[in-house]
Structure formats: structure tokens, C-alpha cells
Amino acid sequence: MVDVIAPEVNVAGGVDERPACILIVDDERHNRELLEVMLKPERFLLLSAASGEEALAIISRQPPDLILLDVMMPGMDGYEVAGRIKSDPNTKNIPVIMLTALDDRNAKMLGLNAGAEDFLTKPLDRAELSVRVRNLLRIKAYSDKLEGTLDALESVNAELDRRTKEIASAQAMADAATARLGRLQRITAALSNTVTQDEVADSVLREAILALECDAGAVVVAPEEGAELTLLRESGTLDLVMRSFKHREPPRSRNPYAETVEKCHPVYLESFEAMLARYPGFQDITKEKSRGAWIFLPLGIAGQAVGALSFGFDGPRHFTDADKHFADTVSRYCAQALDRVRLRIAAAAALAEAGEARMMAEHANNAKTVFLRAMSHELRTPLNAISGYTEILELGIRGVVNPEQVKDLGRIKRAAAYLLRLINDVLTIARLEGARPLNVISIPVNPVLAECEGLCALQAKANGLVLTVPLCEREIHVAADAERFQQILLNLMTNAIKFTPDGGSIEVTCDDDSGVVRVRVKDTGVGVRLVDIDRVFEPFVQIDRHLTTATQQGVGLGLSISRELARAMQGDLTLQSTEGTGSTFTLTLPIASEASLSPRVATPAAQADGRSLRSALAS
């Protein structure tokens, strides 16, 4: 009989199912033909082999669903063939029915011991043969289905194990992040109450050493620019590497403190060998007398390091991204706190100096003293945005830097730039300098509104206010100086936040008409009396100072400068207000056109306002 490639294994007997494949093995041709005749009505796919060797060859190529195996064959008998089939993992599940003319118990036992599932005695009964073949095929089909199900279940269990491990790993990472977040919050709270550099260093070292699980830490600073580093505070026992800031051997240019401060970049040394490879000047230090790993972090202020924060570990340590992020965050917090302390000391010195000169020019000194005391208000406007977005990034809420964090960082930079420009403007007026030339260009209004909303949203939320800044229904371009346009809007929005009580709302709207654009900032704040509406635009005037806290009060220059800038750009700034109900400031600027975009400096009206500001400062 010609060999035929068998179809896939299936359950036999169904009308729509593919036929099961049966291999008939017998050395007698007429026996094979008889079996084929008996099984042909069942529509099985029948294969035949005349010897045990031929049968094994067929089985290796295309395993059948069932084997009818004669016992007495020359060469390899049926017992041996059955034994080989059942010893092979790939064929052991194929059911075997052994056929023999012997009718004794020993012959049947030999067949069953060889692995046969059933035993038939010749001559065969067709009905019995058919029933036993069908039963074994059905059992095999169920067995195959069960095996497939078990394989699928094993695969599912393996996937569940993998996901369970991933969840456990993620949970461990989340727990660690939560713990470090708590440390950062405690550091932030502690630093907010520090008034000296020693207190800053104590707070940072106490929490950071626990969070990083290190054994020693130190804060070193330079008392002034270009000076040698000195130890501000230490915790634990410092080895020679951590004390190298004060030694000239090895040379300062070759120790980790020098590299950290000069490059304003952190240094991570994960082992003693890594330290020696990077700083060979420490070759006289023995491994037994030094730490096993180190972190050196710059205390950067305005892009320059004023000192360094160092941590030492007893043994080698692999620093993960989470370790580095936490350490970098701690160093930034420490640097900012030190900067605040230094600014506070500098401010105190400036106030003391102003007090000594008060007798020479009482009125002028009084105005400048008010200016210096209230300057913190103008500084806090952009610093609130900086602090807010820095908090989002540094607390790890967004995790590793992604597009959202890039946007936050951009806002931080722009807020800092705005603060610098604001300070320069105030100092320009104070020094009696002339009006700054304007760079009037076509500016789309919507992006500026969105930027200002982002810079003020956190401050409004902190004050319990609802800030709404819907975009213009269509894109509108104004003719204005980009920096001055944003400065005016931020002054108006932060002013509204300052004078609107908790639970109030602020809405910024925009429309255009007759060649001009009107941006309105409407609040539900304390409002202004009718008699005081014109005075709010005078320099050094703040209406109802008792309605704000000392930290909220400014110098009264914001609205004066804003109206001057608006008029310099061929526009104006006006106010409508009802006491106890709220105020609406309206900024009017020309729509961008060929005529409105011509180069200009301050208009005569703006120059007059500038002269009034300077006169007030000089009086």
C-alpha cells in the first residue's frame, strides 16, 4: 500500500472531521489486506508496513493515531517494536493494539508489559476490532486535547509567575520611591525653617544619610568666590577621600571635590578601585582605611558651584538611577536653602547699611527701604512658578524625564528669565536710566495666554482660587514686544491672585474690535474705590495694604510699569472696579499690521510716565 502523508491528529468518527490515521504492521500481506478490508468502511486513513523496521521508519516520518501491531514477525517482533514506540517521548502516547494467534496469558502479559494498550487474538472479529479501535482513538483524542490544555495552562502559569514577579518588583520600587519621597518632604519642611547654613547642612545630612543608607556625609562650602573649600558640617567618620577638600596632596585639581565644584557636575565612585583609577593621587591610601564607594554632588547656584555635598559608603555600591536622582535632588534643595540663607544675610546687611545712612537722606532712604523690604513680593511671583514645577519634577511624580517634564523645565527657565527681566526693569527705573527700546513684532495671543496660565496656575491653586484662561475663538496676532506683553499679563494675573480671597475666581478673556485687541483680567477680589482707580497706576502706591499680608505686599510699581509699557506699544491699560465685588483690568494693544509693526521706543505718554516714576524715586 502506498504511504500517504497523514493529516493532523484528530478524533475519529465525526462526519465533518478528518479521518484518523491507522498503521497496520504485519509480515503477512493477506493479513494486512484483511485488516484494510475490515477497517475501510470506517473511512480511516490506512498505512501499512511489512516489518518492524519499516513500521518504525513510517512512525518517525508521520506518527499515526493508532497502530495495529502483529506479534510474531521475523527479525524484530511486535514486543520489541512496541517497546521502542513506548520508550520514545515523541511516540509513547500512540495507542498500540497487539495482534497474535497465541491465546495464552503469558503472551498477553508480554504485550501489555511492552506498553500495548490492548490485545486481540486472531482470527479477528470485525465488530470487536472496530469498537476497540474507535475507543482507543477516542481516548487518544481526549488525551491529546488534555495535553494541549495542560500545555496552555503551564504557559499561562509561567506568564502569571512572570507578571507576579514584575508586580513585586514594581511594588518594591514604588515602596522605595514612596520612602524617599517622604524623606524629600521632610527635608523640604526642615529647610523651610532654617535660618543658618549650619541648620541647612544638619537637616540635609540627617535625612539623606538614612535614605541613601550610607555611613558618612559632609557639606563643604567656599565662604566666598575663589576661596578654599571649608567644612560646614559632617556626619559619621570621614575618610581621607572625603577630607581631601582641605589637603593639597593630592593636588586639589585631582580630587573629587575639585572636579565636582569646577565642573558643577556630580561624581559617582562605585568602588575603591574605581576611585583609584579616576584619582591616582590617592594611591597611598589603603583600602582598609577608606570607604568603599562615594558620591560627590555640587551645590550649584546660578550655574556655579559654591560647595559640595559628599556621602561615603562602607562597601562597594552600584548607584541606580533612583539613587542618583534622589542625591541630585537633595543637593539642589541644599543649594537653594544655602542661597536663601546667604540672600537673607545679604539683605540684612543691606538693611543695616540703609539704616546707617537714614540720617543723610531720610525720605529717599525710607523709599528705598520700602523697596528693599517689598522686593520679595515681586521676586515671589516667578519664584512660585519655579518652585511649583521644580516640586513636580523633583518629587518624582513624573518619573524619568519625558516630554511632559521637558515642558515643565521649559516653563521653569522662562519663569526665571521673566524674573531677571523684572528685576532689571525695576533697577533701571531706580537708577534713572532711559526707556528700554521695544522690539515690536507680530505675536499670537493664544500661546502667551497659555504660558501665563501655566506660570500662575499653581499660585492660584495654592490660594484656593479658580483661574480660567480660555483661548481666543480664533487666532489673533498683536503688535507688541513679546517679553513686555507677557510681563504685563503676568503682573495683572498675579495682582488679581493677591487681592482675591480664598474661594474666588479669576478669568482672562480676549477679543478684537476696530483694529485693537483687548485682553481682560477679571477677578472677584476686594475691588477698588472709585476715588482710588486712577491712583493705582501711580508709582509706589498700593490701595488697602491692610487687605494683604506683609509677604504679599509689593512696592506699588507693577501697575505703573505695566501701563507705561502698554502705552509704549501704542496701547493702554485701564481699570473698572467695584469695591467689595471685584476688578477688571483691560489691556488694549493694536492688531499686528504693517503700520503697527514699525520700530519704536517709548511713546511721549510712556516717557512722561517714566519721568513720573523716576521723579517719585528721586523725591
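You'll find the structure just up there.
Residues numbered from 1 in each chain as written. Predicted model: local features only at pLDDT ≥ 70, side-chain atom pairs only at ≥ 80, totals over all residues. Heavy atoms only, no water.

Visitor: Would you mind showing me how to read the environment of Phe485 here?
Guide: Here Phe485 shows up in helix 13 (residues 482-498). Taking the C-alpha atoms as reference points, Phe485 and Ser562, 77 residues apart in sequence, are found 9.0 Å from one another. For Phe485, the residues in contact, after removing those within four places along its chain, are Ile443, Val445, Val448, Val478, Ala480, Met569, Leu587 and Leu589. (Helix = DSSP H or I, 4+ residues; strand = E, 2+ residues; numbered from the N terminus. Contact = heavy atoms within 4.5 Å.)

Visitor: Is there a simple way to think about the packing of helix 12 (residues 445-462) against helix 13 in this case?
Guide: Each pair of packed helices can be described by the angle between their axes along with the distance between the axes. It is at 10 Å that the axes of helix 12 and helix 13 come closest, and there the two elements cross at 35°. The handedness of the crossing between helix 12 and helix 13 is right-handed. Contacts from Val445, Val448, Leu449, Glu451, Cys452, Glu453, Leu455, Cys456, Gln459 and Ala460 of helix 12 reach helix 13 at Phe485, Gln486, Leu489, Leu490, Met493, Thr494 and Ile497. Residues of the contact of helix 12 with helix 13, tallied by class, amount to twelve nonpolar, three polar and two charged. (Axes fitted to C-alpha atoms, helices over the stretch in contact; angles between N-to-C directions. Left-handed = near helix turned anticlockwise from the far one by under 90°. Nonpolar A, V, L, I, M, F, W, Y, C, P; charged D, E, K, R; others polar.)

Visitor: Help me understand the environment of Thr260 in this model?
Guide: You can see Thr260 is positioned in helix 7 (residues 256-263). Linking Thr260 and Ser310, residues 50 residues apart in sequence, is a C-alpha distance of 10.0 Å. For Thr260, the contacting residues outside a window of four places in its chain are His265, Val267, Phe296, Leu297, Pro298, Ala305 and Ala308.

Visitor: When you look at the sheet that holds strand 8 (residues 267-269) in this model, what are you seeing that I'm missing?
Guide: For sheets, the rule is that strands pair by backbone hydrogen bonds, running either parallel or antiparallel. The strand order across the open sheet formed by five strands is 7-6-10-9-8, and the pairing between neighbours is antiparallel. Looking along the sheet, the strands with just one partner apiece sit at the ends: strand 7 (230-235) and strand 8. Looking at each pair of strands side by side, their axes are set apart by 15° on average, direction ignored. Two elements, strand 8 and strand 9 (residues 293-301), share three bridges in a ladder whose sense is antiparallel. Within strand 9, the position partnered with Val267 by the bridge is Phe296. Each of strand 6 (216-221), strand 8, strand 9 and strand 10 (304-313) touches helix 7; the most contacted strand, strand 10, lies at about 140° to it. (Pairing = 2+ DSSP bridges.)

Visitor: How should I be thinking about the pairing of strand 17 (residues 582-590) in this particular structure?
Guide: A regular strand places its side chains on the two faces of the sheet in alternate fashion. Where burial is concerned, most of strand 17 is hidden: nine out of the nine residues are buried. The alternating pattern of strand 17 places Gly582, Thr584, Thr586, Thr588 and Pro590 on one face and Ser583, Phe585, Leu587 and Leu589 on the opposite face, and all of these are buried. When strand 15 (residues 516-523) meets strand 17, the two strands line up antiparallel, connected through seven bridges. Within the sheet, the bridge partner assigned to Val519 lies in strand 17 and is Leu587. Direction of pairing for strand 16 (residues 572-578) relative to strand 17: antiparallel, over a ladder of seven bridges. Each bridged residue has a counterpart across the sheet, and for Asp572 the counterpart in strand 17 is Thr588. Count of turn residues in the strand 16/strand 17 antiparallel hairpin: three residues, of which Gly580 carries a positive phi of about 85°. (Buried < 20%, exposed > 50% of the residue type's maximum accessible area, 1.4 Å probe, protein only.)

Visitor: What's the story with the pairing of strand 1 (residues 21-25) in this structure? I'm lost.
Guide: Counting buried positions along strand 1 gives five out of five residues, so the element sits mostly inside the fold. On strand 1, burial covers both faces: Cys21, Leu23 and Val25 on one face and Ile22 and Ile24 on the other are all buried. Alignment of strand 1 against strand 2 (residues 45-49), held across five bridges, turns out to be parallel. In the strand pairing of strand 2, Ile22 is matched with Leu46.

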